[in-house]
Amino acid sequence: MLQTEMVVNHDERVGRRVAVGIWHGTVRYVGSVPPAQGLWLGVEWDDPSRGKHNGSHNGVHYFHTSCFSSLEIVCLSKLQVSSAGEGLPSMCPRARHVDLASNLLNSWLQLAEITVNFPAMQFLNISDNRLEIPDNPENLTSAFNQMTHLVSGHMNYTWDQICECSKMWPQLERLQVPFNKITNISLPMYALENLIELDLEGNSIAQWEEINKLGTLKKLETLNLCDLGLTNISIPASQNLFPSLQCLMISSNNISKWNDISELEKLPKLEELKFTNNPVQDNLSVETVYYKVVCRIGTLKVLNRKIVTREERRSAELEYLKECGREWLEVSNDEALKTKFVATHPRYPIIVKKYGAAEESELKKTNQSVASSLVRVTLQGPDKAVTMSLPKTMQIKNLLPLVAKMFNTGGAVPTLCRKSSKNAKIIVEMTSPLKTLDYYSVEDGDEISVRW
């Protein structure tokens, strides 16, 4: 109940509309409110966030409100809540989203006495509380039997403690336990077998072997492993781990080898990856990191929230073909080295089958004479073609203004695309302004199409 701390006339009627400043409401009670003196109004505000009570004062119920019963989101974070108190039952029967983060709760039993009064609750945030785990947590399932999403960060829990608590959450599908004290993953995890999303950000798990234990969660689709201190990625191909995983986040770790990223090719349904701030990316441009990741994971559709286009994938894979081709030439006569090469570059044979092997002339290092430092190409615009010799070391950013002037693009920045004269399948978008013609493997006789 909200008290209007002003004396009113007897003419005030229940049901009358009132306004106080910008707030509008309906009078639900007119009368005394002991021990206060005078006549008082009980008002149900149109905006329930304006009210302070549910029609009760000092244990006496003066009127009923409809607003609380229609609430679907209840936010009680940072309000020093320490118990269920009085008058809570049936106040918010439709509440689906309940936030009790950063309060003074001390046990799951105490929490259950509150949540049992939210029969429709599907989401619960209890982060930054310190909750003692009961001896028989399964006895509290009735207080959480509709909950599908739990946020429980900064609670100093280990993985074993989380598994013990999970006996209370029979319907849980999304579990966020960031910044706890998880250092290893233990089996079995029967109570978590329905998880489709798991957030472990900010815990301390350095070895991927621990992460592989989560691969037995057959329904898991989204996994957040940011800021764990991970140093490697190694996925046994024979164990069919993570069969449903679609989205993986591994930013802010200690991954230092591109071979680790190649391991993600073993995740059959991986479509989205968040991968930033790892040592392997140091001193590399955003564009270079992008192509190095895309070419290694054939199923990837989104990288760092950017959709991977067909043209970008093609360019990345052709560059990978050239990059790995040089190493392949060096080991092609040694079966043991070839086997090791394919294990390190599992997508190389797939890309070769897709585009054909790179021309040997593209892979061999050339001498550095003046004649060999130039390449003769045809710049093909919409209405005309120009054949000329260009330095192989010319950066795309320096070629663009020359092309813009030559074809009179009217101020528009042209786009360039290399078409190989030796292999019609090789078409490469030249999108990186700091890269050179040699980087894009431009050779004598190649065509560079110009569009704007």
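Residues numbered from 1 in each chain as written. Predicted model: local features only at pLDDT ≥ 70, side-chain atom pairs only at ≥ 80, totals over all residues. Heavy atoms only, no water.

### Notes on the overall build of the chain
Next, step 1: Helix and strand counts for the chain come out as 11 helices and 22 strands.
Next, step 2: Over its C-alpha atoms the chain spans a radius of gyration of 32 Å, topping by over 25% the 22 Å that the globule rule assigns to 452 residues.
Next, step 3: Taking all 452 residues of the chain together, the buried fraction comes to 46%.
Next, step 4: Long-range pairs, those at least 24 residues apart, make up 64% of the contacts in the chain between residues at least 6 apart in sequence.
Next, step 5: With the model as given, the accessible surface of the chain reaches about 23200 Å², and the carbon-plus-sulfur share is 50%.
Next, step 6: Charge separation in the chain, taken as the distance between the mean sites of 48 positive and 51 negative side-chain charges, equals 7 Å. (Helix = DSSP H or I, 4+ residues; strand = E, 2+ residues; numbered from the N terminus. Rg over C-alpha atoms; globule rule 2.2 N^0.38 Å. Buried < 20%, exposed > 50% of the residue type's maximum accessible area, 1.4 Å probe, protein only. Contact = heavy atoms within 4.5 Å. Areas by Shrake-Rupley, 256 points an atom, 1.4 Å probe, with all protein chains shown as cover. Lys, Arg positive; Asp, Glu negative; His and termini not counted. Charge placed at Lys NZ, Arg CZ, Asp CG, Glu CD.)

### Thoughts on the packing of helix α7 (residues 310–331) against helix α8 (residues 335–344)
Next, step 1: The N-to-C vectors of α7 and α8 enclose an angle of 160°; their axes lie 9 Å apart at closest approach. Regarding the angle of α7 to α8, the classification is roughly antiparallel. Each of Cys324, Glu327, Trp328 and Val331 in α7 lies in contact with α8, whose residues at this interface are Leu337, Lys338, Phe341 and Val342.
Next, step 2: Each residue belonging to the contact of α7 with α8 can be placed in one class, and the counts come to 6 nonpolar, no polar and 2 charged. (Axes fitted to C-alpha atoms, helices over the stretch in contact; angles between N-to-C directions. Parallel < 35°, antiparallel > 145°, perpendicular 65-115°, else oblique. Nonpolar A, V, L, I, M, F, W, Y, C, P; charged D, E, K, R; others polar.)

### Digging into the pairing of strand β22 (residues 447–451)
Next, step 1: One ladder, built from 3 bridges, connects strand β18 (residues 374–380) with β22; its direction is parallel. Across the sheet, residue Thr378 finds its bridge partner in β22, namely Glu447.
Next, step 2: As paired elements, strand β20 (residues 415–419) and β22 share 5 bridges and run antiparallel to each other. Paired with Leu416 across the bridge in β22 is Val450. (Pairing = 2+ DSSP bridges.)

### Quick look at the pattern of salt bridges
Next, step 1: Evaluation of the coordinates by the stated rule reveals 17 salt bridges.
Next, step 2: Connected through shared salt-bridge partners, Glu265, Arg313, Glu317, Arg347 and Lys354 make up one network. (Salt bridge = Lys/Arg side-chain N within 4 Å of Asp/Glu carboxyl O.)

### Details of the sheet that holds strand β7 (residues 73–75)
Next, step 1: The 11 strands lie next to each other as β7-β8-β9-β10-β11-β12-β13-β14-β15-β16-β17, forming an open sheet whose pairing is mixed. A strand with exactly one partner marks an edge of an open sheet, and here the two such strands are β7 and β17 (306–307).
Next, step 2: Two elements, β7 and strand β8 (residues 97–99), share 3 bridges in a ladder whose sense is parallel. Its bridge partner being in β8, Cys75 is matched across the sheet by Asp99.

### Regarding the nonpolar core
Next, step 1: Formed by 106 residues in total, the largest nonpolar core has its most connected members in Trp108, Phe144, Trp159, Trp169, Leu248 and Ile250.
Next, step 2: Per-element tally for this core: the top contributor is α7, with 6 residues. (Core = buried A, V, L, I, M, F, W, Y, C linked by side-chain atoms within 4.5 Å.)

### Looking at the confidence of the model for the chain
Next, step 1: This prediction gives the chain a mean pLDDT of 87; 90% of its residues lie at or above 70.
Next, step 2: Scored below 50 in pLDDT, residues 1–11 makes 34 contacts in the model with residues more than four places away or belonging to other chains.
Next, step 3: Within the model, pLDDT remains below 50 along residues 366–371, and this stretch shows 2 contacts once partners closer than five positions in the same chain are excluded. (pLDDT = per-residue confidence, 0-100.)

### Quick look at the packing of α7 against helix α9 (residues 348–355)
Next, step 1: Running from N to C, α7 and α9 point in directions that differ by 115°, and their axes come no closer than 10 Å. The two elements α7 and α9 meet at a crossing, and its hand is left-handed. Residues Arg313, Arg314, Glu317, Leu318, Tyr320, Leu321, Cys324, Gly325 and Trp328 of α7 form the contact with α9, whose own contacting residues are Tyr348, Ile351, Val352, Lys354 and Tyr355.
Next, step 2: Residues that form the contact of α7 with α9 fall into these classes: 9 nonpolar, 1 polar and 4 charged. (Left-handed = near helix turned anticlockwise from the far one by under 90°.)

### A look at the side chain of Ser449
Next, step 1: Here Ser449 shows up in strand β22.
Next, step 2: Excluding residues that lie within four positions of it along the chain, Ser449 makes contacts with Gln380, Thr415, Leu416, Cys417 and Lys419.

### Let's talk about the layout of surface pockets
Next, step 1: By volume, the second largest pocket is sized at about 610 Å³.
Next, step 2: Along the walls of the second largest pocket sit 33 residues, with Glu287, Tyr290, Tyr291, Thr431 and Ser432 positioned nearest its centre.
Next, step 3: At the level of elements, α6 (286–294), α7 and β21 (427–429) are the ones that each hand at least two residues to the lining of the second largest pocket.
Next, step 4: It is α7 that provides the largest number of residues to the lining of the second largest pocket, a total of 7 residues. (1 Å grid on protein atoms, 1.4 Å probe; cavity = no way out; pocket = protein on both sides within 12 Å on 5 of 7 lines; lining within 4 Å. Points joined across faces, edges and corners; volume = space filled by probe spheres on them.)

### Regarding α6
Next, step 1: Most of α6 is tucked away: 7 of the 9 residues are buried.
Next, step 2: Where α6 is concerned, the buried positions are Thr288, Val289, Tyr290, Tyr291, Lys292, Val293 and Val294.
Next, step 3: Buried residues belonging to α6 abut α5 (258–262), β15 (272–274), β16 (302–303), β17 and α7.

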